[in-house]
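# Notes for the structure review
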Amino acid sequence: MSDSVNSQSLQSVFESTVPFGVVLWIVIALLVVVIALLVAMVLYVRKQRVALMPEMAQQAILNAEERAQAIVADAQAQARDLRNELEKERTRALHEDHQSVERFLDAYRFNLEKTIKELSYGVEKEHMRATTRFVESLQAIEQRVAMNAEEAKHSMDSFTDQSSQLFTRLSHEIANVEKGIQHLALALEEAAVDESDRNAEIVRKEMQKIGQETAKSVTEVAAGLDKALRMNIEKEFAAITSELSEYREARMRAVNERLLLLLEETAQIALQKKLSLQDQADLVYRSLEEAKRRGVFV
Amino acid sequence: MLVKIVSIMLENTYTTDDLIERIGLMRKYYGVKLFTEGNTATLADVVASECEPHTLTAVEQWEERFAESDVQSIVVYEALDTVQEELAGIPSVTLYVPVRFDAEQVESFGAWFRENVQPNMLLSLRIDPRATGGCGFVWNDVYHDFSLHYYLDKERDAVTELVNEQVHG
């Protein structure tokens, strides 16, 4: 845009200077013609001097001189007018150029301010977005922890229910087995009346063996169930504890960061207001010494 | 000769801003002294109205030292432009401080750098409230923060613990 403005101004100035050159040439040409006329007249007068009377010749020379002076004056006046006109044109063109440049600068300033405002707005927006995202992520962690705790509670309840049902079923089964064994024992005792003592003894032993094995199997199943239940509860508890710990740490980190920032801002204000120039200078020296100790200047 | 002139100038000049100002004053003074016929004006006559008394004393010391070292005024005058152009070649450090210090204090900072870092170096002083509690500086094109922020960050854990103790009882 700047280039186009400059080229327009150059063009207008160029256009305004071309006629000026032409006019100069016209003026020079007119002067040459006048001089030529004068020379011709002088030659003519000299040639005719013999024939003319001295008074007439003098008059003719005077008339010629007057005419020549009139022509020169006229040419000078025209040249002056033209020069004035050109000067006006040039001033007008310069004024227009100046206005164009001013307009361009105004537009440029406006665009620059607009861009700066947009950038500033963008930065603020980005800051807000980042803060919002941070808060949202914290809220998400909080929600996830709460949800996990709820799920864990639910699964524990469900597991406890299932275990309780299993125990009930197991007790029922044990009762049934015991009942069956009692029935079988009664039936066998009745049968044993008619059988020999040896047979009855063998049956009794078998009965005892079956009873012992059943009791052992039931105890093992119950122990396994108890172990599985315990492991599941411990696993769920560990997961919840870990989630809670992560959440607490994230929360503490955020709080501590904010705390330090706040502390720094407060201390900055306090130090600027409370410290004397000498104290400030001492702090500068202390920092420079610290930098030197840390090998920054090596 | 140029080295001698620069050395004399740096004897009592510690900041880039001061050096540029004093070179400008000397240029003006020599312009009057050397190019005005029969002129006997002193430095004070020519530049006293344009600078602090402290600065006037410094340039008067320059003139004395040039005379002691047999460096002619015209030679110094001709070297002024070159010295100003060659400023970038002088080692420098940009120091950020939280408040405006007086000229003596600034010179004292400059002397510290010459004593502890590099002789004949120049200081560019900038005021930045973020440097509260210490300072910051640019050395070898790297910014080093040794302000309150640095100290808090260094003792981050201890400070956090202390604050938490105070807050949570």
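Think of each chain on its own: its residues are numbered from 1, step by step along the sequence as written. Lettering for chains starts from A, numbering for ligands starts from 1, and both go in the order in which the items are written. Predicted model: local features are reported for residues with pLDDT of at least 70 only, side-chain atom pairs are reported and counted for 80 or more only, and whole-chain, interface and lining totals are derived from all residues.

### Some thoughts on the overall build of chain B
Elements are defined by DSSP. Helices are runs of H or I of four residues or more, strands are runs of E of two residues or more, and each kind is numbered from the N terminus. Looking only at helices and strands, chain B has 8 helices and 4 strands in total. Traced from its N-terminal end to its C-terminal end, chain B shows the element sequence α-α-α-α-α-β-α-β-β-β-α-α. Taken across its 169 residues, chain B has 24% of its residues classed as buried. With C-beta atoms placed from the backbone, a contact is any residue pair whose C-beta atoms sit within 7 Å. Looking at chain B alone, contacts between residues at least 24 apart form 65% of all its contacts between residues at least 6 apart. In this scheme the burial state of a residue depends on its C-beta neighbours within 10 Å: 20 or more other such atoms mean buried, 12 or fewer mean exposed, and anything in between means partly exposed; the C-beta positions come from the backbone.

### Here's the deal with the overall build of chain A
Counting secondary structure elements, chain A contains 4 helices and 0 strands. In sequence order, chain A lays out its α and β elements as α-α-α-α. Going through the 298 residues of chain A one by one, you find that 3% of them count as buried. Residue pairs in contact within chain A that sit at least 24 positions apart in sequence constitute 82% of those at least 6 positions apart.

### Description of the interface of chain B and chain A
For an interface, size is often stated in terms of accessible area lost upon the parts coming together. Contact with chain B, which involves 24 residues of that partner, is made by 23 residues of chain A. At the level of elements, α6 (103-116), β3 (135-139), β4 (142-146), α7 (148-154) and α8 (156-168) of chain B are the ones that each hand at least two residues to the side of chain B that touches chain A. In terms of residue class, the side of chain B that touches chain A is built from 15 nonpolar, 8 polar and 1 charged. In the scheme used here, Gly and all other residues not listed as nonpolar or charged are polar, with Ala, Val, Leu, Ile, Met, Phe, Trp, Tyr, Cys and Pro taken as nonpolar and Asp, Glu, Lys and Arg as charged.

### As for the confidence of the model for chain B
A score from 0 to 100, pLDDT tells how confident the predictor is in each residue. For chain B, per-residue confidence averages 90 on the pLDDT scale, and 98% of positions sit at 70 or higher. For this predicted complex, the interface score ipTM comes out at 0.88, alongside a pTM of 0.48.

### Comments concerning helix α4 (residues 53-68) of chain B
Residues and elements named next belong to chain B. Any helix carries an expected span of 1.5 Å times its number of residues minus one. With 16 residues, α4 extends 22 Å between its outermost C-alpha atoms, agreeing within 8% with the 22 Å of an ideal straight helix rising 1.5 Å per residue. Buried residues of α4: A58, V59 and W62, and no others. Seen along its axis, α4 keeps its buried residues to an arc of 90°; they face one direction. Away from its buried face by more than 90 degrees, α4 exposes P53, E64, A67 and E68. D70 lies just past α4 and shows a positive phi near 60°. Working note: the arc is built from the helix axis to C-beta atom directions.

### Points about helix α1 (residues 2-11) of chain B
Residues and elements named next belong to chain B. Taken as a whole, α1 has its buried residues at I5, V6, I8 and M9. Take α1 and look down its axis: the buried residues cluster within an arc of 160°, on one side only. For α1, the exposed residues lying more than 90 degrees away from the buried face are V3 and S7.

### A word on unusual backbone geometry
Residue and element names in this part refer to chain B. Positive phi, close to 60°, is recorded for D70, a residue that is not glycine. Mapping D70 onto the fold places it in the loop between α4 and α5 (73-85). Positioned with a positive phi, N120 is a non-glycine residue whose angle comes to about 65°. Position of N120 among the secondary structure elements: in the loop between α6 and β2 (122-127).

### Looking at the pairing of β2 of chain B
Residues and elements named next belong to chain B. The pairing of strand β1 (residues 92-97) with β2 spans 6 bridges and is parallel. Opposite T94, over in β2, you have S124 as the bridge partner. With respect to chirality, the unit in which β1 leads through α6 into the neighbouring parallel β2 is right-handed. Two strands make a pair as long as DSSP finds a minimum of two bridges between them. Here a crossover is taken to be right-handed if, once the strands point away from the viewer, the path from the first strand over the helix to the second is traced clockwise.

### Section: the pairing of β3 of chain B
All names here are of chain B. Bridge count for β1 against β3 is 3 bridges, and the pairing is antiparallel. In the sheet register, T94 faces β3, and the bridge partner there is V138. Hairpin connection of β3 to β4: 2 residues between the antiparallel strands, including N140 at a positive phi of 55°.

### A closer look at the confidence of the model for chain A
All names here are of chain A. Mean pLDDT over chain A stands at 77; residues scoring 70 or higher make up 81%. Looking at the elements of chain A, mean pLDDT is at its lowest for helix α1 (residues 2-48), recorded as 70, and at its highest for helix α4 (residues 277-293), recorded as 94. Ignoring residues within four places in sequence, the model shows residues 1-7, a span with pLDDT below 50, making 5 contacts including any to other chains.

### Describing the environment of Q118 of chain B
Take Q118 of chain B: it is sitting in the loop between α6 and β2. For the pair formed by Q118 of chain B and S92 of chain B, sequence separation is 26 residues and the distance between their alpha carbons is 9.2 Å.

### Examining the sheet that holds β2 of chain B
Strand pairing in a sheet relies on backbone hydrogen bonds, with the paired strands running either antiparallel or parallel. Read across the sheet, 4 strands follow the order β2-β1-β3-β4 (chain B) without closing on themselves; strand pairing throughout is mixed. Lying at the two open borders of the sheet, with one neighbouring strand each, are β2 and β4 of chain B. Within this sheet the neighbouring strands show an average axis-to-axis angle of 20°, counted without direction. When β3 of chain B meets β4 of chain B, the two strands line up antiparallel, connected through 5 bridges. Each residue of the ladder has a partner; that of W139 of chain B, found in β4 of chain B, is V142 of chain B. Sheet strands in contact with α4 of chain A are β1, β3 and β4 of chain B, and its direction is about 120° off that of β4 of chain B. Strands in contact with α6 of chain B are β1 and β2 of chain B; relative to β2 of chain B, the strand with the most contacts, it is inclined by about 130°. Orientation is described by lines fitted to C-alpha atoms, with helices fitted over the stretch in contact, and by angles between N-to-C directions that extend from 0 to 180 degrees.

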